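# Remarks on the overall topology
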Amino acid sequence: MEKKELNGRVKHILKNLLPIIIFVLLLAALTWIFWPYVKELGTDEGREEFKAWVDGLGFGGWLVSLGIQLLQIFIAFIPGEPVELLLGYLWGPWLGLLTCLVGIFIGTLAIFLLVRRFGMPFVRKIVGDDDLTKYKFLSNKNKLELTVFVLFFIPGTPKDALTYIAPIAPISPVKYLLIATFARIPSIITSTILGDSIAEGNYFLAIAVFVITAVISVVGIIFGNKFVERKQK
């Protein structure tokens, strides 16, 4: 009887852990494959070559851009700002913004479903214990939607880690998806405007947007840290 129970437990553990392990390995493989190309996009020559290649693909080029945004959402340690800047560089401020929002919505929905299916072990594999401890206050239902909105709205918060952590909270799926997508608009549009300004050679506007964004980011980081500390208490 004990042997059957043990076998049943092992099967249960494998059933829950195997999809998580496969997902983590897939993310690691995608990171290893695409990282050299991501590094190339950090140079002017790399961006020009990539823009020419994307333009030559037509609608397929937009799908490639959407795929890059999705990859950035899934791989939490890739910063979002360079991708947003790149999409602004490729498609202009408004189509770049739309591409970002579509990718964020699809990626956030997929992650939400995975987190709700596999729970804390899945999240811990992706983001680690430090971030889980830091945002433990999200288990409090009091003004939860407002808290999640503020975290996604202000600059400086680890939004991609939050995309994995927040679905654990007792929040409505529809409300969460709308908040996690549209609360990012102010930070995204500044990045896509900056990318478009660089593409158009309007360096004065690019510098102005960069300075304004930097100031807002510093203020946002200070406010965000105080907000998180207050919530932790």
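Okay, so let's go over this structure. (Residues numbered from 1 in each chain as written. Predicted model: local features only at pLDDT ≥ 70, side-chain atom pairs only at ≥ 80, totals over all residues. Heavy atoms only, no water.)

## With respect to the overall build of the protein
Test applied: Helix and strand definitions follow DSSP, with helices as H or I runs of at least four residues and strands as E runs of at least two, each counted in order from the N terminus. Remark: exposure states derive from per-residue accessible area (1.4 Å probe, protein chains only) relative to the maximum for the residue type, with buried under 20%, exposed over 50%, and partly exposed in between. Residue contacts follow a heavy-atom distance rule, with two residues in contact if any of their heavy atoms lie within 4.5 Å.
Within the protein, the secondary structure is distributed over ten helices and zero strands. Reading the helices (α) and strands (β) of the protein from amino to carboxyl end gives α-α-α-α-α-α-α-α-α-α. Counting only residues that meet the buried cut, the protein has 39% of its 233 residues in that class. Taking as baseline every contact in the protein between residues at least 6 positions apart, the subset at least 24 positions apart corresponds to 76%.

## Observations regarding the packing of aromatic side chains
Each aromatic ring pair is characterised by the separation of its centres together with the angle its planes make. The condition is simple: Stacked, edge-to-face and tilted are the three classes for Phe, Tyr and Trp ring pairs, Trp counted by its six-membered ring, which pair at centre distances within 6.5 Å; planes under 30 degrees apart are stacked, over 60 edge-to-face, the rest tilted.
A full pass over the atoms with the stated rule returns five aromatic pairs. Each ring, one from Phe149 and one from Phe153, has its centre 5.5 Å from the other, and the planes form 15°; the classification is stacked. Linking Phe149 with Phe153, this pair stays in helix H6 (residues 144-153), spanning four residues, or about one helical turn. For Phe153, a relative accessible area of 37% corresponds to the partly exposed category.

## Considering the packing of helix H3 (residues 59-74) against helix H4 (residues 80-127)
How two helices pack is summed up by the angle between their axes together with the distance between the axes. Operational definition: Interaxial angles span 0 to 180 degrees and are taken between N-to-C directions of axes, which are lines fitted to C-alpha atoms, for helices over the stretch in contact. The cut-offs work like this: below 35 degrees is roughly parallel, past 145 is roughly antiparallel, 65 to 115 is roughly perpendicular, and the gaps in between are oblique. Crossing chirality is assigned from the near helix's rotation relative to the far helix, an anticlockwise turn below a right angle marking it left-handed and a clockwise turn marking it right-handed. Polar here means any residue other than Ala, Val, Leu, Ile, Met, Phe, Trp, Tyr, Cys and Pro, which are nonpolar, and Asp, Glu, Lys and Arg, which are charged; Gly is therefore polar.
At a closest axis distance of 7 Å, the pairing of H3 and H4 adopts a crossing angle of 55°. As judged from the angle between their axes, H3 and H4 are oblique. Judged by the sense of rotation from one axis to the other, the crossing of H3 with H4 is right-handed. Of the residues belonging to the contact of H3 with H4, the class tally is 18 nonpolar, nine polar and one charged.

## Examining the environment of Asp55
Along the polypeptide, Asp55 turns up in helix H2 (residues 44-57). Remark: the alpha-carbon pair of Asp55 and Leu90, spanning 35 residues in sequence, is separated by 8.3 Å.

## Considering the nonpolar core
Convention followed: Residues enter a nonpolar core if they are buried and are Ala, Val, Leu, Ile, Met, Phe, Trp, Tyr or Cys, with the set joined through side-chain atoms within 4.5 Å.
Of all hydrophobic cores here, the largest spans 40 residues; its most connected members are Val123, Leu138, Val148, Tyr164 and Tyr176. Elements represented by at least two residues in this core include exactly H3, H4, H6, helix H7 (159-165), helix H8 (173-182) and helix H9 (185-200). No other element matches H4, which puts 16 residues into this core. Residues contacting Val123, with those up to four places away along its chain left out, are Val115, Gly128, Leu132, Tyr164, Ile165 and Ile168.

## Topic: the side chain of Thr99
Topologically, Thr99 is positioned in helix H4. What makes Thr99 buried here is its relative accessible area of 0%.

## Some points on the side chain of Gln72
Heads up, the condition is: For the purposes of these results, a polar contact is taken to be a pair of N or O atoms within 3.5 Å, where, inside protein, one atom must be able to donate a hydrogen and its partner to accept one; residues adjacent in sequence count only when each atom of the pair is a side-chain atom.
Mapped onto the secondary structure, Gln72 falls in helix H3. On the basis of relative accessibility, which here comes to 2%, the residue Gln72 falls in the buried class. At a separation of 3.0 Å, a polar atom in the side chain of Gln72 contacts the side chain of Gln69.

## Quick word on the packing of H6 against H8
Across the interface, H6 lies against H8 with an axial gap of 9 Å and an inter-helix angle of 25°. Comparing the axis directions of H6 and H8 gives the class roughly parallel. Like other packed secondary-structure pairs, H6 and H8 cross with a definite hand, here right-handed. Along the contact surface, H6 presents Glu145, Val148, Phe149 and Phe152, while H8 presents Lys175, Tyr176, Ile179 and Ala180. Looking at the contact of H6 with H8, its residues break down into six nonpolar, no polar and two charged.

## Quick look at the environment of Phe152
When you line up the elements, Phe152 lands in helix H6. Given a relative accessible area of 1%, Phe152 falls into the buried group. Spatially, the C-alpha atoms of Phe152 and Ser187 are 9.6 Å apart, while their sequence positions differ by 35 residues. Sequence-distant contacts of Phe152, defined by excluding residues within four places in its chain, comprise Lys159, Leu162, Thr163, Tyr176, Ile179, Ala180, Ala183 and Arg184.

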